[in-house]
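Survey of secondary and tertiary structure
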Amino acid sequence: MTQHKRTALLAAGQVQGVGFRPFIYRLAVEGDLSGSVGNTSDGVRIEVQGPPEQVDAFAVRLRRELPPLARLTRLEITDLPPVDGETEFVIVASHGHAGHSVLVSPDVGICEDCLRDMHTPGNPRFGYAFTNCTNCGPRYTITRSIPYDRATTSMACFPFCPRCEAEYRDPLDRRFHAQPVACPQCGPHLWLVDNPLLPPGGTLPPDSAPAGWPGPETLPSEASMRDAVARAAALLRDGRLLALKGLGGFQLACDARSARSVSLLRLRKRRPHKPLALMVPDLATARELCHLAPEHEALLLCPEKPIVLCPARKGCLPPSIAPDTAAIGIMLPYTPLHAVLFDELVRLTAAAGEPAPVLVMTSANASGEPICLGNREALRRLAHLADAWLLHDRDILVRVDDSVAGVRPLPADGEQPAATPFFYRRARGYVPRPVMLPEAWGSDLPCVLGAGGELKATLCLTRGNEAFVSQHVGDLENAPTFGFYEEVARHLQDLLEVRPAAVVCDLHPDFLSTRHATELARREGLPLWHLQHHAAHAASVLTEHGHTGPALALTLDGTGLGTDRSIWGGELLFMELDAPRWQRLGRLAPFRLPGGEAAIREPWRIALGLALQTGMAPEVLTGIWTAGDESGDDVRRAPQAMAVTAVSEMWRRGLNCPPPPAPDACSMPCPPHWACARTSPMKDRPPSAWKMPPPAVPCRNSGGAWGRKSCGPRSRSTTCCPPCP
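Predicted model, so just to flag it, every value in this text is computed and none were measured. (Residues numbered from 1 in each chain as written. Predicted model: local features only at pLDDT ≥ 70, side-chain atom pairs only at ≥ 80, totals over all residues. Heavy atoms only, no water.)

1. Remarks on the overall build of the protein
The helix and strand tally for the protein stands at 18 helices and 28 strands. Here the protein, with 725 residues, has 53% of them falling under the buried criterion. Expressed as a percentage of contacts within the protein between residues at least 6 apart in sequence, the contacts between residues at least 24 apart total 69%. Accessible area for the protein stands at about 31,900 Å²; split by element, carbon and sulfur atoms hold 56% of it. (Helix = DSSP H or I, 4+ residues; strand = E, 2+ residues; numbered from the N terminus. Buried < 20%, exposed > 50% of the residue type's maximum accessible area, 1.4 Å probe, protein only. Contact = heavy atoms within 4.5 Å. Areas by Shrake-Rupley, 256 points an atom, 1.4 Å probe, with all protein chains shown as cover.)

2. As for the sheet that holds strand S1 (residues 5-14)
The mixed open sheet is built from five strands, whose spatial order is S4-S1-S3-S2-S5. Of all the strands in the sheet, just strand S4 (71-80) and strand S5 (89-91) have a single pairing partner and so form its edges. Taken pair by pair, the neighbouring strands of this sheet meet at an average axis angle of 15 degrees, ignoring direction. Summarising the sheet, strand S2 (residues 34-40) and strand S3 (residues 43-50) pair through seven bridges and their orientation is antiparallel. Residue pairing for S3: Ser34 is matched across the bridge by Gln49. (Pairing = 2+ DSSP bridges. Axes fitted to C-alpha atoms, helices over the stretch in contact; angles between N-to-C directions.)

3. Some remarks on empty space enclosed by the protein
Enumeration according to the criterion identifies four cavities of 30 Å³ or more in this entry. What the largest cavity holds in volume is close to 140 Å³. The wall of the largest cavity is formed by 18 residues, among which Ala129, Leu247, Thr335, Pro336 and Arg394 lie closest to the centre. Tallied by class, the residues present in the lining of the largest cavity amount to nine nonpolar, seven polar and two charged. By volume, the second largest cavity is sized at about 80 Å³. Lining the second largest cavity are 13 residues, with Gly17, Val18, Gly19, Arg21 and His177 positioned closest to its centre. The dominant element in the lining of the second largest cavity, judged by the number of residues it contributes, is helix H1 (residues 20-30), at three residues. Among the residues forming the lining of the second largest cavity, the class breakdown is six nonpolar, six polar and one charged. (1 Å grid on protein atoms, 1.4 Å probe; cavity = no way out; pocket = protein on both sides within 12 Å on 5 of 7 lines; lining within 4 Å. Points joined across faces, edges and corners; volume = space filled by probe spheres on them. Nonpolar A, V, L, I, M, F, W, Y, C, P; charged D, E, K, R; others polar.)

4. Observations regarding the pattern of salt bridges
Across all of its chains, the model carries 34 salt bridges by this definition. When the shortest N-O distance is used, the salt bridge between Asp113 and Arg116 registers 2.8 Å. Pair noted here: Asp113 and Arg116 are both in helix H3 (residues 112-118), with a separation of three residues, about one helical turn. A residue is classified by how much of its surface remains accessible, and Asp113, at 32% relative accessible area, is partly exposed. You can call Arg116 partly exposed: its relative accessible area is 48%. Notably, a salt bridge pairs Arg522 with Glu519, separated by 2.5 Å at the nearest N-O pair. With a gap of three residues between them, Arg522 and Glu519 both fall in helix H13 (residues 512-524), about one helical turn apart. Salt bridges sharing partners connect three or more residues here, namely Glu369, Glu377, Arg381, Arg399 and Glu487. (Salt bridge = Lys/Arg side-chain N within 4 Å of Asp/Glu carboxyl O.)

5. Remarks on helix H9 (residues 294-301)
Those residues of H9 that fall on the buried side of the exposure criterion are His296, Glu297, Leu299 and Leu300. Projected down its long axis, H9 carries its buried residues within an arc of 160 degrees, all on one side. On its buried face, H9 sits against helix H8 (283-289), strand S10 (307-311), strand S11 (327-331), strand S14 (404-407) and strand S15 (421-425). (Arc of directions from axis to C-beta.)

6. So, the nonpolar core
Membership of the largest hydrophobic core comes to 101 residues, with the highest contact counts inside it found for Phe20, Ile24, Ile46, Phe58, Leu62, Leu341 and Leu390. Sorting elements by how many residues they give to this core places helix H12 (residues 479-496) first, with eight residues. In this structure Ile24 touches Val37, Ile46, Phe58, Leu62 and Phe89, once residues within four positions along its chain are discounted. (Core = buried A, V, L, I, M, F, W, Y, C linked by side-chain atoms within 4.5 Å.)

7. Description of the packing of aromatic side chains
Taken as a whole and judged by the stated rule, the model has nine aromatic pairs. Ring geometry for Phe160 versus Tyr168: centroids 4.7 Å apart, planes at 40 degrees, classification tilted. Overall, Tyr168 belongs to the buried group, its relative accessible area being 6%. Their ring planes at 70 degrees and their centres at 5.7 Å tell us that Phe422 and Tyr424 sit as a pair that is edge-to-face. A relative accessible area of 34% means that Phe422 is categorised as partly exposed. One cation-aromatic arrangement involves Arg399 over Phe484; the distance from NZ or CZ to the ring centre is 5.9 Å. (Phe/Tyr/Trp six-rings, centres within 6.5 Å; stacked < 30°, edge-to-face > 60°. Lys NZ or Arg CZ within 6 Å of the ring centre and 35° of its normal.)

Now the structure itself:
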């Protein structure tokens, strides 16, 4: 009798919800091995038994032949005594416990196999807007907790029909344990709701929906579900605005080839100039609109399906799509709902002899607020924006906007992965994939919450040697966006099953993110560190690339509060993460900010102030700016000219133009504080042995700003109070 070998393998990483268990089952069956595989809170546990050479070959193939969406961060292998009489390989039920090391998969764009199912007449999922499999579909946005099973997702309320259950339980089917799997018989349904409050082509003020809205007429009915996609397509072709429930929230769509529709969208959203993202049905249409390099095409076609910034061809679309920029953001349909909508639009445009359809596809929200999540929320919040809603009954649990990426510049040697993104906004498709911390720091690291900044905010939570950067939240300038920020902070902690042992925040005491960090530290009795804005940027880039030694960092991010209580921007920093220490070596010369913080949001004010400082007349700049406007839109030019005149006069009189502080404004300059939970002498010590500052307390002399102790007389400044030595 052949001597058998038995081995246990624990696979950690992105191994749940990505077809990993059926992949393991197939490898074991092909190798004639017995044993089991199952999801646990620590990853996927595998036991295989058989001839020693087959067991060894199994481990090799596991590493080499991973499913497309799987990512292995750790594989622990342990020898076990053989089990007598075992003859089969089985998939066992999932089990979990508090704390886990599993990576939750991001949401994935629809795959070619599912598109083929949707386009095949006679297929049970022909034209079905919620088709998916283990290689595509929603993940993060429908997941409540780990282990990733149907019962812990928003699909829990959709019982299987016999056919879907058979696919779900067949290890050799590509829908095996695909948690969102469904069909028209047992899955989510679509329906269309017209907006009776908004006159066609007209406007309403925000929050103008009456108390009784939404009412019973917005609930699904046979009439509203029948041909919902066809009616939505007809509405778009008629120049109206459609709010559709996407993957991570609602999107607002209109016909991008219609200047009238684009203008109406901008008017209702109060978004006059920011570029609008586009969705096109296929790569051929993207090539008609843009100059695409192979790298652009690779990004457009990758499973994450981000918005890709591409050089635009002139004259293909209304200039109002992306005024003042030579690039436009393009994406391909990434959900089956988008696919069926474009199928109908392509059919209609082809029948009319018109060019391929192109849709504006932007987040459905009032400017500055978070994306809408639920049906009732969208019906109320978007009543002044949308002419109709395309709704469905699968709940979205996590708000996630579309990712925006450019092509990463090629290095000198020309070697670069074809689909490597250069992120402008990292969200859908990439979150919650972690950034791995440098190997030299080890894996047993304390959990730290990085609270982030104020504008384009995200937050970061670490677990061991993994840093989980949240999806894009937005500018923390209003209660709804701050509520979204707190929602993300709670969900990440619950999903990862960790709690921070320390908190890091910006130096600026008035940032809502700083106030959140301060309150959390006070409530939980946690250490609170403050880190200068530009030093945080430099440290994050170095960490992402695994560089922990000495480095020079040129940070041109914009403005941030400095350790001397002045506004910094354009900094040359010496960084050494292993020490850890940093030092400011150089900076741009200080200059006035006309309008204070308004100059941060409207950089033309800074350009104007610098021009005036050199003696240039404001009329010269006005002429340059209006000459560069090819749209011929006099309505846009007039306010700009008036604003230039007003801000010029403000600058001349020194009204609300904060000058740089005098060199002696802070008699005791605060030393640069390094916010890093891992210090070299303590990396192997438990959290109780860290050298940490005490929990945050109010700085008594700073008017409510936060420090580590009373700052003394110098804290009477009304601007801020960085942490004191």
